[in-house]
Amino acid sequence: MRLKTLELNGFKSFAQKTVLEFDEAIVAVVGPNGSGKSNVVEAIRYVLGEQSMKSMRGKSGSDLIFKGSKTLPKASKASVAIYFDNSDKIFKLGGSDGENINLNYETIAISREVFSDDLNKYILNGSEVRLKDIHNLLASVNIGSSGHHIISQGEADRILNANITLRREMVEDALGLKIYQYKIKDSARKLERTEENMKEATLLRRENAPHLNFLRKQVEKFEKGKAMQAELLALYREYLYKESVFLEKEKENLKGEKEKIGHELKILAGKISYSGGESQKGNKKIEELRTAEKKINEIQGQRGELERKLGRIEGMIEAKESRFRIGNICPTCGRELRDIKNDGLETAANSEKEVAELKNSQASILAEMTRIGSEEKSLAGAIEKLKEDLNKEAEALRDLEREKFTYRVRHQELTSALELVNIKETNLKARMENFANEIKEGVALVGQDILSYKNQSADALLPQDGGSKASATTQEELKKKIDRIKIKLEDAGLGSGAEIMKEYKETSERDAFLERELDDLAKSLEALKKLIADLKEKIDQEFKEGVKKINVEFQEFFSLMFGGGTGALSIVLPKKKNRREKVEPLESARFDFEEPEEDVPEEEGIEINVSLPHKKVKELHALSGGERSLTSIALLFAMSQVNPPPFLVLDETDAALDEANSRKYGDMLEKLSKHSELIVVTHNRETMSRAGVLYGVTVGSNGASKLLSVKFEEATQIAK
Ligand code: ATP
């Protein structure tokens, strides 16, 4: 890395484009007072991002723009560009910020422009960048922002005048520790942001917590409800299935029963209404019997008549016939007999005729009797038969009556049974209505799923005997359970479950996200804290070591300049208020150090301790201008020696030196130029003699600074 070129355009007294090439180790800028030499130094400060207008002798950015002269117009902007050789690709941009900036260039070109409205622009190889990027970039090549490597006119003893804190910063910068400071600053900013984010996330979580808790409770309630619903669904499915099976079976049973009873009743009704032809037949037979009996009585009467007739006829015949015989046989027999024999005898002729007639009558009577007898016999037979039949019929009727009675009893039984079936049917209907209502209610509470009770596997439900007592108990138990859960569910009020679930999901996800983020933030917070601690430790370590090294060089330059004496830096540690300052003596501090009684510093810093040869003066403020200048130069050179900056700009740092010291100064320049490019603004002949290139700055006829490369002899002339 090497400083190659500086370009000024419209910057202060440089109205036109002016280019300085730094091809030599020591470049001197010479010229009369007021020609614009210091403006060159300020241009370097400016392009490297200087923010203090004071250090550029201006009030605002627009003061840096060429104001115009009698012959030249005012410039619209001031621009300075600086070019570094980057063939070794040493330029870096630390931190995540610079990732998008391309540094893969052979030449790194930084330019800064300021416009009349004070607007500033930083351009890195054609792309606009931030000041921060410029600082970052320069820190990577050991060009610190404290400007310790650019010593403006009259500022040689700046480090001596600075307070201990600023001094420490300058030393840190010179030691190249600024880059770590940037990292710390960057990390601290990130830390702050992280803490803010954490605070914000914590606050958000805290704000969300009550709502989340509320939602969680709702969700728990809802989930409990869901579980209850699931339980209810299972119960419903079982209950409804069993109920449906029972109802169906019961319906079938009742239908069957009703049909059976109806059928039987119909048959019975037929049977009962059957009056029987038997009794009609019986009546007819009784008539017949009566007729036959009447007839037989008549016949018997006739027979009796006939018998009597016959008897009389026979008697008459006998009597007639006996008179004959008696008269013949027994004439002494009684009078009567005699009378009769007489009568007979008297009418013998008549008698015979009469007997014959009588006998005829007898025969016809007998014949009639025979006829009647047979008729009577047949009638008696018929009567007998009729009686028999009637008896039989009566018996049959009795049987029929008995049977009818049985039927009536059965009919009564069946009617009762039918009534019972009807009652059962009414009950079933009510139960079916209940069932339908139960389904409706179930659907409202659990959803359409309960309708799947139809697909329930019968095997899963035991026992399956519908209305049996055991099952009814089970159904009753199921119903009780269902009702209990229903009440609980109604209490839980599951209403907007889906919405609550959605909101809970979103809110809890957000909370989980915040928790994760907090976790990540806490981790990065720790990482940042550790990084900062590590960086501080590193700085502390390197700072201590650096100061030791600087002290070695400082002592050398110091004794070289003063021909003896001691010069050393000491680190002032930070301390609590009202405590006496604690100074950590360094190995190289070869002088007695008195602890100051007052002005106790609160900050960490750097003390400069000097002891001039042959003099008792040790306080910096007691040194002469030349001595202050020599001490500053010695320290500056010591710092530059330990950690050489790419270039050093020294604006009339040698102004206060006498001839002898000018030579020593010249020697030191040469020593330093081995590691750093030197740009020196000088009126000192000795210094000029050490430069490889001399630029002469003069004020041209147009009133603007003019730059020309000059030879040593010319330079000594110009400088005058
Ligand atoms: P010395 O040797 O006395 O230190 P120098 O060569 O360092 O002088 P500078 O201080 O660089 O001189 O230049 C100062 C000159 O620059 C002044 O004359 C001043 O008028 C001029 N100048 C400063 N700002 C502007 C500007 N914006 N426009 C034009 N000229 C300016």
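These numbers come from a predicted model, not from an experiment.

Rules used in this analysis
- Residues numbered from 1 in each chain as written.
- Predicted model: local features only at pLDDT ≥ 70, side-chain atom pairs only at ≥ 80, totals over all residues.
- Heavy atoms only, no water.
- Helix = DSSP H or I, 4+ residues; strand = E, 2+ residues; numbered from the N terminus.
- Buried < 20%, exposed > 50% of the residue type's maximum accessible area, 1.4 Å probe, protein only.
- Contact = heavy atoms within 4.5 Å.
- Areas by Shrake-Rupley, 256 points an atom, 1.4 Å probe, with all protein chains shown as cover.
- Near = heavy atom within 4 Å.
- Polar contact = N/O pair within 3.5 Å; in protein donor to acceptor, adjacent residues only side chain to side chain.
- Nonpolar A, V, L, I, M, F, W, Y, C, P; charged D, E, K, R; others polar.
- Expected span 1.5 Å × (residues − 1).
- Arc of directions from axis to C-beta.
- Pairing = 2+ DSSP bridges.
- Salt bridge = Lys/Arg side-chain N within 4 Å of Asp/Glu carboxyl O.

1. So, the overall build of the protein chain
(1) Moving on: When helices and strands are counted, the protein chain shows 14 helices and 15 strands.
(2) Moving on: When each of the 720 residues of the protein chain is scored for burial, the buried share is 43%.
(3) Moving on: Counted over contacts in the protein chain with a minimum sequence separation of 6, partners at least 24 positions apart contribute 74%.
(4) Moving on: Split by element, the accessible area of the protein chain, about 39,200 Å² in all, is 51% carbon and sulfur.

2. Observations concerning the site of the ligand
(1) Moving on: Surrounding the ligand, one finds 18 residues, the nearest of these being Asn33, Gly34, Lys37, Ser38 and Arg57.
(2) Moving on: For the ligand, an oxygen atom lies 3.0 Å from a polar atom in the backbone of glycine 36.
(3) Moving on: Between the ligand and the protein, one listed contact pairs an oxygen atom with a side-chain N or O atom of glutamine 153 at 2.9 Å.
(4) Moving on: For the ligand, the protein covers 74% of the area, taking 650 Å² as the surface of the free molecule.
(5) Moving on: Broken down by class, the residue content of the shell around the ligand amounts to three nonpolar, nine polar and six charged.

3. As for helix 12 (residues 659-672)
(1) Moving on: Here helix 12 is 14 residues long and its end C-alpha atoms lie 20 Å apart, about the 20 Å a rise of 1.5 Å per residue gives.
(2) Moving on: Along helix 12, the positions that sit buried rather than exposed are Asn661, Ser662, Tyr665, Gly666, Met668, Leu669 and Leu672. End-on, the buried residues of helix 12 take up no more than an arc of 165°, which puts them together on one face.
(3) Moving on: Looking at the buried side of helix 12, the elements it contacts are strand 3 (26-30), helix 10 (497-562), helix 11 (625-642), strand 12 (647-651), strand 13 (677-681) and helix 13 (685-690).

4. So, the pairing of strand 13
(1) Moving on: Burial analysis of strand 13 places five of its five residues in the buried class, which makes it a mostly covered element.
(2) Moving on: Residues Glu677, Ile679 and Val681 line one face of strand 13 and the alternating positions Leu678 and Val680 line the opposite face, and both faces are buried.
(3) Moving on: With four bridges connecting them, strand 3 and strand 13 associate as parallel partners. If you follow isoleucine 26 over to strand 13, its bridge partner there is leucine 678.

5. Description of the pattern of salt bridges
(1) Moving on: Following the criterion strictly, the structure yields 49 salt bridges and no others.
(2) Moving on: Across the pair glutamate 515 and arginine 205 runs a salt bridge, and its minimum N-O distance is 3.9 Å. Pair noted here: glutamate 515 is in helix 10 and arginine 205 is in helix 5 (residues 178-273), with a separation of 310 residues, a long-range link.
(3) Moving on: Overall, glutamate 515 belongs to the partly exposed group, its relative accessible area being 43%.
(4) Moving on: We note a salt bridge from aspartate 540 to lysine 544, for which the minimum N-O separation is 3.7 Å. Of this pair, aspartate 540 and lysine 544 both sit in helix 10, four residues apart, which is roughly one turn of the helix.
(5) Moving on: A relative accessible area of 33% places lysine 544 in the partly exposed class.
(6) Moving on: Members of the salt-bridge network, linked through shared partners, are Glu438, Glu441, Lys479, Asp483 and Lys486.

By themselves, these observations are geometric and do not establish any function.
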